[in-house]
Amino acid sequence: MIAQRKDDHVRLAAEQQQQHGGHNEFDLVSFVHHALAGLDRTEVSSAVAFADLTWPVPLYINAMTGGSERTGRINRDLGIAARETGVPIASGSMSAYFKDPDCAGTFSVLREENPDGFVLANVNANASVEQARRAVDLLRADALQIHVNTVQETVMPEGDRSFAAWVPRIEKIAAGAGVPVIVKEVGFGLSRESVRLLAELGVRAADLGGRGGTDFARIENGRRELGDYAYLTGWGQSTAACLLDAQDAPIPVLASGGVRNPLDVARALALGASGVGASGTFLRTLLDEGVTALVARLTTWLDQLAAIQTVLGARTPADLTRCDLLIRGGLRDFCADRGIDTRPFARRSNLRGVRPEMTGNSR
Ligand code: FNR
């Protein structure tokens, strides 16, 4: 049953990518162009540090799969792509492994192919501390993701209907996992209230996992006989909205959900993300064109992100938070209603001194 679900998710998510690829709220965020802000490419670096972790690049392959023969092959290829590019990678939910230890290899292959890379294990918020530790051990994981997905579970025909225990369980796992714990949404977004609560629970970073890409309300509705939850498609906050909402977050935030290209990565970093993840779009490349094409695509993304940093005058990914941003349309309305002033984003370089010689703000 679980193996079938994992195969369904891969098929329906890949179909959605085919139909998708269009507009999302990252399009409502643009950089103010400063013609003389450019650096030399050799001055630009890619490493990021947050929550006592250091990543060589600010991009990661977010949680997807494992638990069936087919998804084991996908994890093998994702592990190879991560190894070849240095991109951190998360496994899919490991509940299938807890139910059937025989499928361990469909997850551990991620680590076998990628012995020295940064690997995250992934469990649901019902996991016990002992299960969380088993997941981390199997992958020799450097960190643990806990996914929270009330909307997906609700639409999933065989999904959970009880969520009240998640908060105390997350707190227990955060204390007992033995590695840093990151909580992630799966495409409906974490509000700033949720991020604040996660910080109180001892979670080290929050992956905002917003709307705009893979939509699990739609995927699970496609698995329902009657398709009677179609109206929940599009639920939640976009990733760009979540980033704006979480400006004063007490823990580092990661961004994922609807990241389509290197400019979206730069936008998310500029809105304060410590790292940026994508799933569906990379899955689609792998399924359509194979692992060599995925390696080439990841390499291109990293190269073009560095090129964008060079144009914007951002020596490090974190320096992108000093670049001027314009926030328009529905995203601006969202900010107004949530009490977030968007105007300072358009004047940050003046205030924070990117290329002070350009602004007369030299120190
Ligand atoms: C996912 N995602 C996911 N997340 C998670 O925490 N555990 C999981 O097991 C899975 N499974 C899964 C399967 C497939 C096929 C896809 C495409 C995605 C969700 C994923 O990590 C991410 O949050 C969303 O897909 C949104 O990002 P994208 O796809 O818009 O980049």
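As the structure is a prediction and not an experimental result, all values here were calculated from the model.

A. Main features of the nonpolar core. Leu144, Ile146, Ile170, Leu198, Val203, Leu271 and Leu320 are the most contacted members of the largest nonpolar core, which totals 100 residues. Among the elements that line this core, the one with the most residues is helix H13 (residues 291–312), at eight residues. Apart from the residues within four sequence positions on either side, Val203 is in contact with Ile170, Ala174, Val181, Ile182, Val183, Leu198 and Ile251. Counting residues in hydrophobic clusters, the runner-up holds 14 residues, among them Tyr60, Ala63, Ala90 and Leu120.

B. Inspection of the site of the ligand at higher detail. Among the 22 residues in the neighbourhood of the ligand, the closest are listed as Ala63, Met64, Ser93, Lys184 and Thr214. In this structure, a nitrogen atom belonging to the ligand sits 2.7 Å away from a main-chain N or O atom of Met64. Here Lys184 contributes a side-chain N or O atom positioned 2.8 Å from an oxygen atom of the ligand. When isolated, the ligand has an accessible area of 610 Å², and the protein chains bury 96% of it. Per-element tally for the shell around the ligand: the top contributor is helix H1 (residues 2–19), with three residues. Residue classes in the shell around the ligand are distributed as eight nonpolar, 12 polar and two charged.

C. Quick look at the pattern of salt bridges. This structure, assessed with the given rule, holds 23 salt bridges. Across the salt bridge formed by Asp52 and Arg204, the nearest N and O atoms sit 3.0 Å from each other. Here Arg204 lies in the loop between helix H8 (192–200) and strand S9 (205–207) and Asp52 lies in the loop between strand S2 (48–50) and strand S3 (53–55), a separation of 152 residues in the sequence. The salt bridge involving Glu84 is made with Arg83; its shortest N-O contact spans 3.0 Å. One salt-bridge network, in which partners are shared between bridges, spans Arg5, Asp8, Arg11, Glu15, Glu158, Glu220 and Arg223.

What counts as what
- Residues numbered from 1 in each chain as written.
- Predicted model: local features only at pLDDT ≥ 70, side-chain atom pairs only at ≥ 80, totals over all residues.
- Heavy atoms only, no water.
- Core = buried A, V, L, I, M, F, W, Y, C linked by side-chain atoms within 4.5 Å.
- Buried < 20%, exposed > 50% of the residue type's maximum accessible area, 1.4 Å probe, protein only.
- Helix = DSSP H or I, 4+ residues; strand = E, 2+ residues; numbered from the N terminus.
- Contact = heavy atoms within 4.5 Å.
- Near = heavy atom within 4 Å.
- Polar contact = N/O pair within 3.5 Å; in protein donor to acceptor, adjacent residues only side chain to side chain.
- Areas by Shrake-Rupley, 256 points an atom, 1.4 Å probe, with all protein chains shown as cover.
- Nonpolar A, V, L, I, M, F, W, Y, C, P; charged D, E, K, R; others polar.
- Salt bridge = Lys/Arg side-chain N within 4 Å of Asp/Glu carboxyl O.

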